[in-house]
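The chain contents come next:
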Amino acid sequence: MNKITSLFEIKYPIIQGGMIWNSGYKLASAVSNAGGLGLIGAGSMYPDVLREHIQKCKKATDKPFGVNVPMLYPNIEEIIQIIIEEGVKIVFTSAGNPKTWTQHLKDNGIKVVHVVSSAKFAMKAQDAGVDAIVAEGFEAGGHNGRDETTTLTLIPIVREKIDIPLIAAGGIATGRGMMAAMILGADGVQMGTRFVASIESSAHADFKTTVVNANEGDTQLTLKELAPVRLVKNKFYNDVQELYAKGPSKEELEALLGKRRAKRGMFEGDLIEGELEIGQISGLIHDILPVQTIINNVMNEFQQAQKETQQFQF
Ligand SMILES: Cc1cc2nc3c(=O)[nH]c(=O)nc-3n(C[C@H](O)[C@H](O)[C@H](O)COP(=O)(O)O)c2cc1C
C-alpha cells in the first residue's frame, strides 16, 4: 500500500495514461482488472461515444477506473456532465487550467488529478485543490510541455515543491523505470507508450507494429508553436521539418497539420500521412502483449530491482 494505491483503491501504483485513439474501455478495463488504474481517453471521443465507453467499462470491470479529459478539446461542458451523470469516480485533467473544473468535479465526489510538465504548473494544480499530480517529462508520447524537462529532472524538482501524491510519467515502461521514478520521489507511475503496444489498445495494428519497430532516436518533439507533440519521424513529420526550414507562420503550420491527422495515423493506420504520437521509450518496447502480461512483467521486474538495490554496498 502507498499513497497512490490507497487514493484510488487499486493494487499497484500503475496508471495507464489517457491516450487519444488508443485508450477506449477495452484498454482501461484490462488495466484496472490487472490491478492498475485504467483511464478512458475522452480526447478523441464525441460525448455520446464517451458515455458508451464509460457504460461498457463499468460492465467490463468491477475495479476503479477513470476518465482523462484534455481540456483543450471542444464539448468540455458536455463531457464533464456525462462523467458526473455516469458516476465516474476519478478524472485526470490535462492541457488546460486546473482551476476551471477541479472544484466542480470534487463537489460531485470525484477525485481529480492534473497532468503537468513543470514545477510551476504542479504548484498551480496543488493550489487548485487536486488530489494528485502527474508530472510528465519530455520523453513522453503525445502532447507535452515546451520546456523539454526530462522525467529524471522533473520528478525530484516537483517533489520538492508539492506535498500531495505525485505520479511520474514519461519514459517509463518497465519495473526498473518504475523503481527509478519512485526513488526520485514519485508515489506511482503513469505509462502511455507501453500500453499502446498492447493487445487491448485501440491503436491500428500497423501503428502497434511501428511502435515495436521504433529505435532510440526515431521520435521527436515538434510543432511547439501549436501544441508540442512527440511524433514518429515519418513522412508527415518530414513535411513539418521541410516547412520549418522556410520559417513558417503559425497559420501555415496549422494548415499543414489540418484535421484528423492523429486519427488517420494511430487509429486508421496511415503510417505515411498520419500523425503518430509515441514516446522515446518505444525504443525499449519489442512486443505487443496482453495488458495482464505487461503489468505482471513490470511488477516482477520492480520486485527484482528492489532486491538488487538492497545489495548495493559502497
Ligand atoms: C498515443 C498517445 C496519445 C496520448 N494522448 C493523451 C491524451 O489524450 N491526454 C493526455 O493527458 N495525455 C495523452 N498522452 C500522454 C499519456 O497519457 C502519458 O502521460 C504518456 O504517454 C507517458 O509517457 P510515455 O509515453 O513515455 O509512457 C498520450 C500519449 C500517447 C503515446
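What counts and what doesn't
- Residues numbered from 1 in each chain as written.
- Predicted model: local features only at pLDDT ≥ 70, side-chain atom pairs only at ≥ 80, totals over all residues.
- Heavy atoms only, no water.
- Helix = DSSP H or I, 4+ residues; strand = E, 2+ residues; numbered from the N terminus.
- Rg over C-alpha atoms; globule rule 2.2 N^0.38 Å.
- Buried < 20%, exposed > 50% of the residue type's maximum accessible area, 1.4 Å probe, protein only.
- Contact = heavy atoms within 4.5 Å.
- Areas by Shrake-Rupley, 256 points an atom, 1.4 Å probe, with all protein chains shown as cover.
- Lys, Arg positive; Asp, Glu negative; His and termini not counted.
- Charge placed at Lys NZ, Arg CZ, Asp CG, Glu CD.
- Pairing = 2+ DSSP bridges.
- Right-handed = clockwise from strand over helix to strand, strands pointing away.
- Expected span 1.5 Å × (residues − 1).
- Arc of directions from axis to C-beta.
- Phe/Tyr/Trp six-rings, centres within 6.5 Å; stacked < 30°, edge-to-face > 60°.
- Near = heavy atom within 4 Å.
- Polar contact = N/O pair within 3.5 Å; in protein donor to acceptor, adjacent residues only side chain to side chain.

Visitor: When you look at the overall build of the protein chain in this model, what are you seeing that I'm missing?
Guide: On a plain count of helices and strands, the protein chain comes out with 14 helices and eleven strands. On C-alpha atoms alone, the protein chain measures out to a radius of gyration of 18 Å, which is about the 20 Å that the 2.2 N^0.38 rule sets for 314 residues. Along the three orthogonal principal directions, the C-alpha set of the protein chain runs to about 55 × 50 × 35 Å. Taken across its 314 residues, the protein chain has 54% of its residues classed as buried. Partitioning the contacts of the protein chain with sequence separation of at least 6, the portion at a separation of at least 24 is 62%. Entry remark: accessible area of the protein chain is about 14,000 Å², with carbon and sulfur atoms responsible for 51%. A distance of 3 Å separates the average location of the 32 positive side-chain charges in the protein chain from that of its 36 negative side-chain charges.

Visitor: Explanation requested: the pairing of strand β4 (residues 90-94) in the structure shown.
Guide: Note on strand geometry: in a regular strand, side chains alternate between the two faces of the sheet. Extensive coverage of β4 is indicated by the burial of five of its five residues. For strand β3 (residues 65-70) and β4, the ladder comprises four bridges, and the chain directions are parallel. Directly across from Val69, in β4, lies its bridge partner Thr93. For the handedness criterion, the β-α-β arrangement of β3, helix α4 (residues 76-85) and β4 is classed as right-handed. Sheet topology places β4 next to strand β5 (residues 111-116); four bridges connect them, and they run parallel. Counted as the bridge partner of Ile90 is Lys111 from β5. Taken together, β4, helix α5 (residues 102-107) and β5 form a β-α-β motif whose crossover is right-handed.

Visitor: How do you make sense of helix α3 (residues 47-60) when you look at a structure like this?
Guide: Note on helix geometry: an α-helix contains 3.6 residues per turn, so any two residues three or four positions apart are oriented the same way. The end-to-end C-alpha separation of α3 is 20 Å, in line with the 20 Å expected for 14 residues at 1.5 Å each. Regarding α3, the residues found buried are Pro47, Leu50, His53, Ile54 and Cys57. Buried positions in α3, seen along its axis, are confined to an arc of 115 degrees and lie on one side of it. Projecting away from the buried face of α3 at angles above 90 degrees are the exposed residues Asp48 and Lys59. Considering only its buried residues, α3 is in contact with α2 (25-33), β2 (38-41), β3 and α4.

Visitor: I tried to follow the packing of aromatic side chains on my own but got confused; where do I start?
Guide: How two aromatic rings sit relative to each other is given by the distance of their centres and the angle of their planes. With the rule as written, the count across this model stands at three aromatic pairs. With a centroid separation of 5.9 Å and 35 degrees between ring planes, the pair formed by Phe8 and Phe92 is classed as tilted. Taken together, the positions of Phe8 in helix α1 (residues 3-8) and Phe92 in strand β4 put the pair 84 residues apart, joining distant regions of the chain. Since its relative accessible area comes to 2%, Phe8 is described here as buried. The exposure class assigned to Phe92 is buried, which follows from its relative accessible area of 1%.

Visitor: Sorry, what's going on with the environment of Ile278 here?
Guide: Mapped onto the secondary structure, Ile278 falls in the loop between α13 (261-267) and α14 (291-311). A residue is classified by how much of its surface remains accessible, and Ile278, at 2% relative accessible area, is buried. Separated by 135 residues in the primary sequence, Ile278 and His143 have C-alpha atoms spaced 9.5 Å apart. In this view, Ile278 contacts Gly141, Gly142, Thr193, Val196, Phe207, Val211, Thr219, Arg230 and Val232; residues no more than four positions away in its chain are not counted.

Visitor: Which parts of the structure should I look at to understand the site of the ligand?
Guide: In the neighbourhood of the ligand, 22 residues make up the surrounding shell, with Asn68, Ser94, Glu136, Gly171 and Thr193 lying closest. The separation between an oxygen atom of the ligand and a polar main-chain atom of Gly18 is 2.9 Å. Counting residues per element, the ones that place at least two in the shell around the ligand are β3 and β9 (188-191).

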